[in-house]
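# Coordinate inspection notes
Spelled out from the first residue to the last, the chains are:
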Amino acid sequence: MSNEETMNFEGWFPYDPSKPARLLSPVVLAYVGDAIYEVAVRQYLVSLPNLRPNHLHRTATGLVSAKAQCAILAHLEPVLNEEEQNIARQGRNAKSGTIPKNANVLEYRHATAFECLIGYLYYTGQQARLQEIVHTGIEFMQNRP
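Quick notes on the rules
Residues numbered from 1 in each chain as written. Predicted model: local features only at pLDDT ≥ 70, side-chain atom pairs only at ≥ 80, totals over all residues. Heavy atoms only, no water. Core = buried A, V, L, I, M, F, W, Y, C linked by side-chain atoms within 4.5 Å. Buried < 20%, exposed > 50% of the residue type's maximum accessible area, 1.4 Å probe, protein only. Helix = DSSP H or I, 4+ residues; strand = E, 2+ residues; numbered from the N terminus. Patch = residues over 30% accessible without salt bridge, like charges linked within 9 Å, V, L, I, M, F, W, Y side chains within 5 Å. Areas by Shrake-Rupley, 256 points an atom, 1.4 Å probe, with all protein chains shown as cover. Salt bridge = Lys/Arg side-chain N within 4 Å of Asp/Glu carboxyl O. pLDDT = per-residue confidence, 0-100. Contact = heavy atoms within 4.5 Å. Axes fitted to C-alpha atoms, helices over the stretch in contact; angles between N-to-C directions. Parallel < 35°, antiparallel > 145°, perpendicular 65-115°, else oblique. Left-handed = near helix turned anticlockwise from the far one by under 90°. Nonpolar A, V, L, I, M, F, W, Y, C, P; charged D, E, K, R; others polar.

On to the nonpolar core. In terms of nonpolar packing, the biggest core is built from 34 residues, with Tyr-37, Val-41, Phe-114, Ile-118, Tyr-123, Leu-130 and Ile-133 touching the most fellow members. Of all elements in the fold, only helix H2 (26-46), helix H3 (53-64), helix H4 (66-76), helix H5 (82-93), helix H6 (105-123) and helix H7 (127-142) reach the threshold of two or more residues within this core. For this core, the element with the highest residue contribution is H6, accounting for 9 residues.

Shown next, in the form of structure tokens:
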């Protein structure tokens, strides 16, 4: 994304990233990707008929946890193009400094890779691909035994 493309970024709000997405740190992309994915999951859950708060929270946690994101990335890897694989690899190799108590290091790194990919797709304006990946991931997790 060139500087000109950065200035034409069309996200949800009028705050362009400070530099092109390919120059943002994988940890920064994951930071944004985590939020984007969380909103997508919440929007999906609100589209379902069961809107009890406890049910919403439990289901959301099952979809946004590091374990879930790790599983989603493993499921998606065969259909990722070369650019997406590179972004995910950068996210996986990024050193974020902390590991949540409910995930091991490997799960956390793969979850970061997934979030990095989501952030990258968001910031590069690849809305259709972002929706496809999020939908495929949610569907995969919802249909798991």
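As a further point, take a nonpolar patch on the surface. On the surface, Trp-12, Phe-13, Tyr-15 and Val-39 cluster together into a nonpolar patch covering about 490 Å² of accessible area. Here Val-39 lies in helix H2.

A few words now on the confidence of the model for the protein. For the protein, per-residue confidence averages 90 on the pLDDT scale, and 93% of positions sit at 70 or higher. Of the regions scoring below 50 in pLDDT, residues 1-7 engages in 13 contacts with residues more than four places distant in sequence or in other chains.

Contact geometry for H4 and H7: axes closest at 10 Å, N-to-C directions at 110 degrees. Classed by the angle they form, the pair H4 and H7 counts as roughly perpendicular. The hand of the H4/H7 crossing is right-handed. On H7, the residues touching Ala-68, Ala-71, Ile-72, His-75 and Leu-76 of H4 are Ile-133, Thr-136, Gly-137, Phe-140 and Met-141.

All right, on to the packing of H6 against H7 then. Packing of H6 against H7 brings their axes to within 8 Å, and their N-to-C directions diverge by 150 degrees. As judged from the angle between their axes, H6 and H7 are roughly antiparallel. As H6 runs across H7, the sense of the crossing is left-handed. Contacts from Phe-114, Leu-117, Ile-118, Leu-121 and Tyr-122 in H6 reach Arg-129, Leu-130, Ile-133 and Val-134 in H7. In terms of residue class, the contact of H6 with H7 is made up of 8 nonpolar, no polar and 1 charged.

With that settled, the discussion passes to the pattern of salt bridges. Throughout the structure, instances matching the rule amount to 4 salt bridges. Put simply, Arg-129 and Glu-84 hold a salt bridge, and the shortest N to O gap is 2.7 Å. Here Glu-84 lies in helix H5 and Arg-129 lies in helix H7, a separation of 45 residues in the sequence. Assigned by exposure class, Arg-129 and Glu-84 land together as buried. Between Arg-129 and Glu-132 there is a salt bridge, and its shortest N-O distance comes to 3.2 Å. Of the two residues, Arg-129 and Glu-132 both sit in helix H7, 3 residues apart, roughly one turn of that helix. Taking the relative accessible area as the measure of exposure, Arg-129 reaches 16% and is therefore buried. With a relative accessible area of 42%, Glu-132 lands in the partly exposed category. What you see here is one network of salt bridges that share partners, running through Glu-84, Arg-129 and Glu-132.

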